[in-house]
Amino acid sequence: MRVRDARTTTRRGFGVDIGYDGDVSYPGAGRAARRDEAVRAAVEQGLLGPGTPIVGLLDVTGIRESAVELRAAFDAVTEPGTPALHAFAVKATPLVPVLRLLRDEGIGAEVASPGELALARAAGVPVERTVLDSPAKTPAELREALALGIAVNADNPQELDRIDALMGSAVSRSPLGIRVNPQVGGGSIEATSTATATSKFGVALRDEGAREWVVRAYLDRPWLTRLHAHTGSQGVPLSLLVRGVAETYALAEEINGRAGRRQIDTVDIGGGLPVNFASDATTPTYAQYARMLREAVPGLFDGRYGLVTEFGRSLLAKHGTVVARVEYAKTSGGRPVAVTHAGVQVATRTVYAPASWPLRIAVYGAKGRPKEGPPVVQDVAGPACFAGDLLAERRALPLVEQGDYVAALDTGAYYFAHHYGYNSLARPGVYGFASDGTGSVTFAMVREPQRLEEIVAESGGAQASALTELQRP
Ligand SMILES: *Cc1c(COP(=O)(O)O)cnc(C)c1O
């Protein structure tokens, strides 16, 4: 049995694979095979072992494939020559080499903080392929973005006031727009539902007077040429995402109609394509989403509008794996518990909200080979000192033993690059891998494992006597 929970679900649940995987025996088989190869190679090459009990792995082949699929999906539904910028939502995987890899595949960057902008710049993402969307931009951030010529979507009227002031004092080549919240409703996960009636993002379009305010804002500012919405994320059904885009398009048409010209030339439809965390299959696909959009909102694709997209999770999630060594295996109350080195510090959402963010777990033996064995109901725990630090609870897996490895799958977005400092656990190293298809795997370091000196430095190490000197008894 290889990664039993993954494969049985796969065979039952999902029909077609649009992936470019070599092995077509089931959807996502190629990706799973690459992952298995990489885990074994990580153990064999000493990236992972007793002294380095946790790593993050990134499948370079898979990332490139997803980028190709994204571009092809929208190319297939737009008129030839329509400008399209696919900007990766940096928050999903804020790692410079990943942003550079995506840049190499023609993908830009959507940034939402000075830190994310700095990462995109460090990766060499061109300013004209960068979009700034944060809900809390300071005047200094806005000034920098406008000076650089980065696209900015104003979140609210107060921010637009600030942009007005900057536009009054200098010229900018930044494409500028307003973010609207079409208020089409939420999905199954409240924390990732951005288009609820009371969401904190954008101008709430259905509030009294809001739509008219937006229209007037454009009519009064000929330099506003874009319109932006990001309707949701994981847990939001495709139909709702499509409705959000349809509402945004309708507003763009209304504004251009009232302006009597094509003032809005680009619609930014945000990201939010949900990810299947239940098997190796990629569902839904970019192609499915693009076709649904084209059917529901044909006018958006007839060549009159440029397009911006901002996908995050769907580009990276399935290409990342956290692998951790099993330090101890014990039983508690009769239930087997594997104590591993992956817990709340790398899988924060899963640990704190397990019902919303369940992760598949794969078990590998001490040599890094997929473990076989009858399913045993057990807990897979992390290293942190609180009882809820569980990667998986009551999961049927081959019995996990001391010295084995467990992998948390589909963790390439919003997981290992979002380290949480609980218990001062070190950030794991992250490595990209590529295989030549014959079992030979090469790794490249993406992010160094955090060193203890760094933890001390980040925790006020240089200020050790700050408090005793501030006030002496
Ligand atoms: C987070 C975010 C995205 C990306 O969302 P995913 O669900 O990861 O695709 C895109 N746009 C904005 C404005 C965001 O906040």
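Report follows, based on the coordinates. In this text the structure is predicted, and so the values were computed from the model without any measurement.

### Topic: the nonpolar core
Thought 1: Counting residues in hydrophobic clusters, the biggest one holds 106 residues, and the most contacted among them are F74, Y289, L300 and L316.
Thought 2: Per-element accounting of this core gives the leading share, 9 residues, to helix α9 (residues 238–259).
Thought 3: The residues that make up this core include at least three from each of domain 1 (3–59 + 317–458) and domain 2 (62–315).
Thought 4: Within the second largest apolar cluster, 19 residues are counted, among which are A38, A41, A42 and L48.

### As for the pattern of salt bridges
Thought 1: Applying the stated criterion across every chain, the model contains 24 salt bridges.
Thought 2: For the salt bridge of E254 with R211, the shortest nitrogen-to-oxygen distance reads 2.8 Å. Of the two residues, E254 sits in helix α9 while R211 sits in helix α8 (residues 210–220), which places them 43 residues apart along the sequence.
Thought 3: What makes R211 partly exposed here is its relative accessible area of 27%.
Thought 4: Note that E254 and R258 form a salt bridge whose closest N and O atoms lie 4.0 Å from each other. A residue pair is termed a helical-turn pair when its members lie 3 or 4 positions apart in one helix, as E254 and R258 do in helix α9 at 4 residues.
Thought 5: Residues joined in a network through salt bridges with shared partners are R35, D280, K318, R360 and D410.

### Description of the site of the ligand
Thought 1: Close contacts around the ligand come from 14 residues, with K91, S233, E310, R313 and Y414 the closest.
Thought 2: With respect to the ligand, the side chain of K91 contributes an N or O atom lying 2.8 Å from an oxygen atom.
Thought 3: Protein contact buries 94% of the 390 Å² of open area that the ligand shows by itself.
Thought 4: Among the residues making up the shell around the ligand, the classes are represented as 3 nonpolar, 5 polar and 6 charged.

### As for the side chain of D280
Thought 1: Along the chain, D280 falls in the loop between β9 (266–268) and α10 (286–296).
Thought 2: At a separation of 3.0 Å, a polar atom in the side chain of D280 contacts the side chain of R360.

Definitions and cut-offs
Residues numbered from 1 in each chain as written. Predicted model: local features only at pLDDT ≥ 70, side-chain atom pairs only at ≥ 80, totals over all residues. Heavy atoms only, no water. Core = buried A, V, L, I, M, F, W, Y, C linked by side-chain atoms within 4.5 Å. Buried < 20%, exposed > 50% of the residue type's maximum accessible area, 1.4 Å probe, protein only. Helix = DSSP H or I, 4+ residues; strand = E, 2+ residues; numbered from the N terminus. Domains from an automatic or database assignment. Salt bridge = Lys/Arg side-chain N within 4 Å of Asp/Glu carboxyl O. Near = heavy atom within 4 Å. Polar contact = N/O pair within 3.5 Å; in protein donor to acceptor, adjacent residues only side chain to side chain. Areas by Shrake-Rupley, 256 points an atom, 1.4 Å probe, with all protein chains shown as cover. Nonpolar A, V, L, I, M, F, W, Y, C, P; charged D, E, K, R; others polar.

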